[in-house]
Structures are given as structure tokens and as C-alpha cells.
Amino acid sequence: MSSNLRKRVDGQRVAELTRRLIERESENPPGNEAGVGDVVASFCERLGLEVTRQPVAGDRFNVIARLPGRNRNHSFAYNGHLDVVPAGPAELWTTPAFMPDVRDGRLYGRGACDMKGSVAAFLHVLECLVDQDEPPAVDIIFTAVIDEEKSNKGIKALLDSGFHADWCVVGEPTGMDIAIGHRGVIAFELVMDGVACHAAQSQHGANALYHAVEAVQAIRDLDRRWQQQRSNDVLGQSRLQVTGCQSGVKVNVIPARASLQIDGRLACGETEAQVRDALEAELSRLQAAGSIGGWQLNQTTFCPSGLTPADAAISRHCASAVERVRGVTPRRYAFEATCEAAFLMEAGIKTLIIGPGSIAQAHQADEFVALDQLEMAALSYAQIIDSLDEVILSHA
């Protein structure tokens, strides 16, 4: 990293920007990212960047900002999301979720690690880059999208608009290690039909909850087969699991309906159609055998799996850059959760996941990020950008 750029990175400034972003509530649902989107877009506009507020849904918009580089044929992107999960009951928080508080070297608040701290770190790097006399080696593109925590409307709108970059870092919390991929996720609601009647005359009814039990067992057996047959050396096993059940209206009424929640984790590039076909085959078999009645399988979410090889040029480059900052070699591993990196990979963008904080802190009360991680993130992002000439030469 150039000494001038290194001197400009200021951990206190990153913490200040993180606090400012946390204070702008952007819970999803309902999806009220517009306020924090205004803060981010205005910040980039003041820097003189090329800024687009990309409409997505209602008043919700993505922010896309570009800093031109010396080589306009290549581009490096940062991707983060503006929404956060709901804070939940206020009594579970030591201090209010949207009133950021520093305690014991940690910054607390909803979105601190997932992922407003990361967004703030990159915004600070952008202002440091703008202050340099020389432009960066390639175009730097900052993208902050809506709706990551629900149905991915933001990233889909971004890619549908024709967005592309050579390389991208998604700033989800990895403790500043290098996550090279993640499993996909798919979810369904399975509704089982029965016939209601008085429990004293159960011979006249059909218990939808019993049908659900048959379905649960079939899905469990399918999951066991998948664990044996579908695995990836890096991403692990594909799984299908029942995670919820709702049924019944009264203790003495045979239920006419039961619904199951099904969560799938996809390690082998499974498509939506492949997963649905596998589930429908099991349900059709049960129905043909008379074990269940009617059913409806409704898909509620999908995100593909994705993997950038550990020995890819960008993987080696980012690992080297982070090592120069941390002084230790970062892990290259599979991200524990699912994020939007795979959508970018599907679009042909070589993508990694690198960000401050721990995924274990995400979606919890008293969410926090360590202050030293915020500074490390800004330093690492700056190092990655400042040495991108090395990656360009490796592609020459």
C-alpha cells in the first residue's frame, strides 16, 4: 500500500461513519432503506463520484458509485447491503438498537457487523482514494443494495441492469478472513390437506397433521440420501430439513390443514427446478400410496451456491493484501451462511467475501463489531485496491 494512502486510513473515522449508518434505521421487513440510502448516496456525491440511485421498488433504491481509474478496461467492485434484520424486542438490548454505543472496544447496534461497519469501511477508503493525487489502477465501483435480508430484489435489479465488474468483494462479516464461496439456500412452504371433523368421530376425517408426519419422514430420508450423494470439498453437504410445522385449531378438532417449513442448503449447484422436482417426486409417491392427500408446494426463497477457486488470481491477491495488513495469513474457507456473492459469481464476476466482524454476531440482540476490525477492514480494502496492478499484470 502506498504510504500516503496508508496514512489517510483512520479507524476513528470508520467508527464514526458506522455510527452514522446504524442511526438510520433500515429494517427489512418492512424495507425502509431509503433513509440510509440517502446518507450513502449523498456521501458519494460529495466526494465527486459518479453516483446513480437505481430505483428498485417504491422509494427503495440501490446506490451505485464509480471512481474512474487509470485503466478503464478493468474494474473492481465492492458490494454491501443497506438493510438490516429487525431489531426485535427492545428489552433484549443493553442499549437501544439504533443508538450506537461503544463499550470495551466494540461498537454495538443493529447492523454493526451485518454489515454497516463494512459499508462504512469502504466509504472511508473511497474518500481516501479521492484525496490521492493519482487515480486508482482500475475503475472502483461501490454498490450498496436493498433487500438482501429478504428476497434479493436489489442485487437482482443491479445485475438485470447490465452491471459488471472484473472482481468484487462482498463485505459480509468474515473476521477479515477470505470466504471463497457459500452454499445456496432454498425454502418452501408445504401445505398438506386433510378433512376436518370432531375428534370423537375421527373415522369421518383425514388428519392433515398425520399427512405432515409422513411428509417429514420422506424429506428426512431424502436429506440422508443427499448427505451421502451431494457434497463439495469446500462447501460441504447439500441438506433438506423441515424447520417448522403449523397445524390445529382446537384440541378436539381433527385438523384439515398442516403446513411445513422446509429449508434447503445447496452445495453442488442445484437449481430451483432440481430441488422442487426431488421434493415433488417424494410427495407424489406418498400420495399415490394413499399416505397423504392433497398438497401444495410453495417456494419462498432461493439463492444459488457459488465458489471462486482458492487458487484464482483474485483469491491469492486478496489473501496477500489482507496478510500484509494483519501480519498473519487469512483463512480461505466457505462462508457459513448464504449471501449474495453467488449472484455476482453467476454473472461472471470473480467474487470473494471479506468483511469485519463475526457472522455469529449477526441477527442477534447486542450485535457488535470490534473497533480494531473496522480499521483492519479499511486498511485491507485499501491494500487490495492499491495493489490491483498485480492482478492486471497476471491477466496480461
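Cut-offs used in this document
Residues numbered from 1 in each chain as written. Predicted model: local features only at pLDDT ≥ 70, side-chain atom pairs only at ≥ 80, totals over all residues. Heavy atoms only, no water. UniProt positions renumbered as here; feature names shortened; annotations may be inferred. Helix = DSSP H or I, 4+ residues; strand = E, 2+ residues; numbered from the N terminus. Expected span 1.5 Å × (residues − 1). Buried < 20%, exposed > 50% of the residue type's maximum accessible area, 1.4 Å probe, protein only. Contact = heavy atoms within 4.5 Å. Salt bridge = Lys/Arg side-chain N within 4 Å of Asp/Glu carboxyl O. Pairing = 2+ DSSP bridges. Axes fitted to C-alpha atoms, helices over the stretch in contact; angles between N-to-C directions.

Trainee: Just to check I follow, could you spell out the UniProt feature "domain: Peptidase M20 dimerisation" (unreviewed entry) in the protein chain for this structure?
Mentor: Those residues carrying the UniProt feature "domain: Peptidase M20 dimerisation" (unreviewed entry) are residues 180–287 in this numbering. A distance of 42 Å separates the end C-alpha atoms of residues 180–287, which is 35% helix and 37% strand.

Trainee: Please clarify how helix 3 (residues 34–46) should be interpreted in this entry.
Mentor: Three- or four-residue spacings in an α-helix give side chains the same orientation, since the helix completes a turn every 3.6 residues. Here helix 3 spans 18 Å end to end across 13 residues, near enough to the 18 Å set by a 1.5 Å rise per residue. Within the span of helix 3, buried status applies to Ala34, Val36, Gly37, Val39, Val40, Ala41, Phe43 and Cys44. Packed against the buried residues of helix 3 are helix 2 (11–23), strand 1 (50–57), strand 2 (60–67), helix 4 (112–131) and strand 6 (138–145). Following helix 3 by one or two positions, glycine 48 has its phi on the positive side, about 85 degrees.

Trainee: I would appreciate a short explanation of the pattern of salt bridges in the present structure.
Mentor: When the charged atoms of two side chains with opposite charge come close together, those side chains can pair. Applying the stated criterion to the full structure yields 24 salt bridges. Linked by salt bridges that have partners in common, Arg13, Glu16, Arg20 and Glu127 make up one network.

Trainee: Hey, could you run me through the sheet that holds strand 16 (residues 295–303) in this one?
Mentor: Strands belonging to one sheet form pairs held by backbone hydrogen bonds; the direction of such a pair is parallel or antiparallel. Taken together, the four strands give an open sheet; going across it, the order is 13-15-9-16, and neighbouring strands pair in antiparallel fashion. The open sheet is flanked by strand 13 (239–247) and strand 16, the only strands paired with a single partner. Strand-to-strand twist in this sheet, taken as the mean axis angle between neighbours without regard to direction, amounts to 20 degrees. Where strand 13 and strand 15 (residues 257–266) come together, eight bridges link them in antiparallel fashion. The residue bridging glutamine 246 from the neighbouring strand is serine 259, located in strand 15. Contacting strand 9 (184–193), strand 13, strand 15 and strand 16, helix 7 (residues 272–288) crosses the sheet at an angle of about 160 degrees to strand 16.

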